[in-house]
Amino acid sequence: MTRKKNAPLRSMRDLMRASPFLLPSVVGLAVFSLMPIVLSLLISLTDWNGLDKLAVSGFFADHFIGLQNYKEILSGGEFWRVLGNTGYFIVLYLPLLLICSLGIAWLLSKSYRGVGVFRVLYYIPVLTSWIAGALIFRWVLSSKFGIVNNILEIFGIQGPAWLQSEQWAMPSIVLASVWKDMGFYGLILLSGLQGIDKNYYEAASIDGAGAWKRFWRITLPLLTPSLFFVLVVSLINAFQLFPQVMIMTDGGPNGATQVMVERIYKYGFRYYEMGYAAAFSWLLFIIIFAFTRLQLSAQKRWVHYGS
Amino acid sequence: MIAALIALIAMVPFFWMLSTSFKSRSALMSMPIEWIPSEPTLDAYKKVFTQFPFGRAMFNSVFIAVSYTLITLVSSSMAAFAFAKIRFPFANGLFKLYLASMMIPTQVTLIPLFVIMSRLGLINTYGSVILPSLFRAFAVFLLVQTIRSIPDDFLEAARIDGAGLFRTYWQVVLPLCAPTLATLCITTFMDSWNDFLWPLVMLSDRSLMTLPLALNTLNGQYATEYNVLMAGSLLSMLPIILVYVFAQKYFKSGLMAGGVKG
């Protein structure tokens, strides 16, 4: 056929047809994604301070230091301590988030009067910007005038100075984060719940399965695809926690809530160690990438996709 | 019952915000604390508006979020149309590049993007926070899924009627994507509205501040005057909550697009 003979011509023409549609997005991809990614790799190999002009010629001769930044970060104690803090956040945050969002999904899946109102109420924290949310929590957790400690006092409990205590600062941030995020993941799990075929439950009831058994044997297994999605997304986001830390504790007290992105921001835009910050951000990427790969390869062992 | 209890607990911080925003400065520190202000006043709100260009920040936030969302929807739906319905060379490779770019966290590109923006002379302009909307891999990805499900016959019929590709895109494809576009509209608007790190880096000019930045500055100025901070927080939340309440229908349908069976 003629198709083969004209193939180069035809593909040129196809490209011409598609390009007006692709142009805005591809320009965006090149300028705001690919170019920064390449530049970021290059900057991470320099000791650039953000002030000298980033010129094409001569820049690398003056500033190239190879893998020095990475070596420095990995051999210093700070990176591991900050990674530990981030890990501590995740260990507290993920289980609590899962339980709360499962609870919300379950409560919203029932039909009763006012369920629509609750759906909005649970979602309001998600709509709130982190700055507002963190300011609110700083005030709510204020040691003397905050509402939490005053409620605790009614029960005769003397609450700690949440955000000023090395011991309680991170759990406070976890609390605020779960409060803010549970509505979002709750709605995702809710759509998973509503996708489960009601016939399964009927069949199980006829077989005499109790509520617990139905939950463990039907709901949970059939919900695993949604749970998997929630786990992957929430873990990626958890590694990148930042604004809540910035407003609630600014990394304090005594560095107890310093986390990865907080360090990247401060090295880059407070101390102007751009090269160091860029290297830090690539290490964060490697960690996130590794964990996501791990989750993806482990999913076969526990996620049930419909038969 | 339990639902109400949990909602109550989740709402306590908002109750405290609302209550505090109507307190005078001295009432903040009264002991025992006043659950409901004994002498409610609008002082805090007055301060937010008079001591601070809060109205301006509100305008900036609306302007930026609306432009950002519009550009995202147009640019992403056009690209998605090309990926889904036009055969062109390297389509697969390009699409994989889109997917791969989603895995790079924003922090990695933060510094070089700052450099690029300063080279383009865009720092401290609306452009610096609006232009990145041209490329939004997630939106393209979602729309490609939707557009692929439109039968080719529809497009063929349009072609036979003499419609060019642009007419087809505009009059056939876009209307059929309406639910997905509506969902994207809300999530994109929300992301832009609440974004903090990127505007923080790009906009230092007070007259360009978005609401989260204004709150951050307010926090710097009135770090202990919580009545002012809470009034500002409340004001910054109202518009997005209104948007959500009105658009909730679309939002839900978008989230559930994958999961619902009869």
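Residues numbered from 1 in each chain as written. Chains lettered and ligands numbered in written order. Predicted model: local features only at pLDDT ≥ 70, side-chain atom pairs only at ≥ 80, totals over all residues.

### So, the overall build of chain B
Phase 1 of the analysis: Within chain B one finds 14 helices and zero strands.
Phase 2 of the analysis: The order of α-helices and β-strands along chain B, N terminus first, is α-α-α-α-α-α-α-α-α-α-α-α-α-α.
Phase 3 of the analysis: Computed over C-alpha atoms, the radius of gyration of chain B comes to 23 Å, more than 25% over the 18 Å expected from 2.2 N^0.38 for 262 residues, which places it beyond the range of a compact globule.
Phase 4 of the analysis: Per-residue burial over chain B gives 42% buried out of 262 residues.
Phase 5 of the analysis: Across chain B, contacts joining residues at least 24 apart in sequence account for 75% of those joining residues at least 6 apart. (Helix = DSSP H or I, 4+ residues; strand = E, 2+ residues; numbered from the N terminus. Rg over C-alpha atoms; globule rule 2.2 N^0.38 Å. Buried ≥ 20, exposed ≤ 12 C-beta atoms within 10 Å, placed from the backbone. Contact = placed C-beta atoms within 7 Å.)

### What about the overall build of chain A?
Phase 1 of the analysis: The helix and strand inventory of chain A stands at 14 helices and zero strands.
Phase 2 of the analysis: Listing each helix as α and each strand as β along chain A from the N terminus yields α-α-α-α-α-α-α-α-α-α-α-α-α-α.
Phase 3 of the analysis: In terms of principal-axis extent, the alpha carbons of chain A reach across some 75 × 75 × 35 Å.

### Structural notes on the domain arrangement of chain B
All names here are of chain B.
Phase 1 of the analysis: Taken domain by domain, chain B holds domain 1 (17–51 + 222–255) and domain 2 (54–214).
Phase 2 of the analysis: The gap between the C-alpha centroids of domain 1 and domain 2 is 32 Å.
Phase 3 of the analysis: Listed per partner, the contact involves 12 residues of domain 1 and 11 residues of domain 2.
Phase 4 of the analysis: Looking at the side of domain 1 that touches domain 2, the elements that each hand over two or more residues are α3 (43–50) and α14 (226–255).
Phase 5 of the analysis: Ranked by residue count, the leading element in the side of domain 1 that touches domain 2 is α14, at 10 residues. (Domains from an automatic or database assignment.)

### Some details on the interface of chain B and chain A
Phase 1 of the analysis: Across the boundary between the two partners, chain B contributes 70 residues, which contact 70 residues of chain A.
Phase 2 of the analysis: Only α1 (2–21), α4 (54–85), α5 (91–101), α6 (106–119), α11 (178–194), α12 (197–202), α13 (211–221) and α14 of chain B provide two or more residues apiece to the side of chain B that touches chain A.
Phase 3 of the analysis: Of all the elements, α1(B) adds the most residues to the side of chain B that touches chain A, at 12 residues.
Phase 4 of the analysis: A class-by-class count of the residues in the side of chain B that touches chain A yields 56 nonpolar, 12 polar and two charged. (Nonpolar A, V, L, I, M, F, W, Y, C, P; charged D, E, K, R; others polar.)

### Description of the environment of A:Ile287
Phase 1 of the analysis: Here A:Ile287 is to be found in helix α14 (residues 274–298).
Phase 2 of the analysis: In this structure A:Ile287 comes out as partly exposed when scored by C-beta crowding, with 15 C-beta atoms within 10 Å.

### A word on the domain arrangement of chain A
Residues and elements named next belong to chain A.
Phase 1 of the analysis: By the assigned domains, chain A splits into domain 1 (2–63) and domain 2 (68–301).
Phase 2 of the analysis: Put simply, the middle of domain 1 and the middle of domain 2, counted by C-alpha atoms, are 35 Å apart.
Phase 3 of the analysis: At the junction of the two partners, domain 1 supplies nine residues and domain 2 supplies nine residues.
Phase 4 of the analysis: Broken down by class, the residue content of the side of domain 1 that touches domain 2 amounts to three nonpolar, five polar and one charged.

### A short note on α6(B)
Phase 1 of the analysis: For α6(B), with 14 residues, the first-to-last C-alpha span of 19 Å sits near the 20 Å given by 1.5 Å per residue.
Phase 2 of the analysis: The sharpest bend along α6(B) reaches about 35° and sits at B:Pro112.
Phase 3 of the analysis: Regarding α6(B), the residues found buried are B:Gln107, B:Val108, B:Thr109, B:Leu110, B:Ile111, B:Pro112, B:Leu113, B:Phe114 and B:Met117.
Phase 4 of the analysis: Looking at the buried positions of α6(B), the neighbouring elements they touch are α2 (7–43), α13 (260–269) and α14 of chain A together with α7 (126–130) and α12 of chain B. (Expected span 1.5 Å × (residues − 1). Bend = angle between axes of the 7 residues up to and from the residue.)

### A few points about unusual backbone geometry
Phase 1 of the analysis: Despite not being glycine, A:Asp250 has its phi angle at roughly 55°, a positive value.
Phase 2 of the analysis: With respect to the secondary-structure elements, A:Asp250 resides in the loop between α12 (243–248) and α13.
Phase 3 of the analysis: For A:Asp250, a count of 13 C-beta atoms within 10 Å puts it in the partly exposed group.
Phase 4 of the analysis: A positive phi angle is found at B:Asn124, which is not glycine, with a value near 65°.
Phase 5 of the analysis: For B:Asn124, the position within the fold is in the loop between α6 and α7.

### Structural notes on the confidence of the model for chain A
Phase 1 of the analysis: With 95% of its residues at a pLDDT of 70 or more, chain A shows a mean pLDDT of 86.
Phase 2 of the analysis: Per-element confidence in chain A ranges from a low mean pLDDT of 50 for helix α1 (residues 2–5) of chain A to a high of 93 for helix α5 (residues 77–109) of chain A. (pLDDT = per-residue confidence, 0-100.)

### Regarding the packing of α2(A) against α4(B)
Phase 1 of the analysis: Two elements in contact, α2(A) and α4(B), have axes whose closest approach is 8 Å; the angle formed by their N-to-C orientations is 130°. Here α2(A) lies oblique to α4(B), going by the angle between them. The handedness of the crossing between α2(A) and α4(B) comes out as left-handed. In contact with A:Ala18, A:Phe21, A:Leu22, A:Pro24, A:Ser25 and A:Gly28 of α2(A), α4(B) contributes B:Ser75, B:Ser76, B:Met78, B:Ala79, B:Phe81 and B:Ala82. (Axes fitted to C-alpha atoms, helices over the stretch in contact; angles between N-to-C directions. Parallel < 35°, antiparallel > 145°, perpendicular 65-115°, else oblique. Left-handed = near helix turned anticlockwise from the far one by under 90°.)

### Comments concerning the confidence of the model for chain B
Residues and elements named next belong to chain B.
Phase 1 of the analysis: Here chain B averages 84 in pLDDT, while 94% of its residues score no lower than 70.
Phase 2 of the analysis: For residues 256–262, every residue scores under 50 in pLDDT, and the model assigns this stretch 10 contacts once sequence neighbours within four places are set aside.
Phase 3 of the analysis: Model confidence for the complex is summarised by a pTM of 0.84, with the ipTM given as 0.81.

### Examining the environment of A:Arg138
Residues and elements named next belong to chain A.
Phase 1 of the analysis: Relative to the assigned elements, Arg138 resides in helix α7 (residues 130–140).
Phase 2 of the analysis: Assessed through the 22 C-beta atoms surrounding it within 10 Å, Arg138 is described here as buried.
Phase 3 of the analysis: The spatial distance from the C-alpha of Arg138 to the C-alpha of Arg263 is 21 Å, given a sequence separation of 125 residues.
Phase 4 of the analysis: Residue contacts for Arg138: discarding those within four places in its chain leaves Leu163, Ile247 and Met248.

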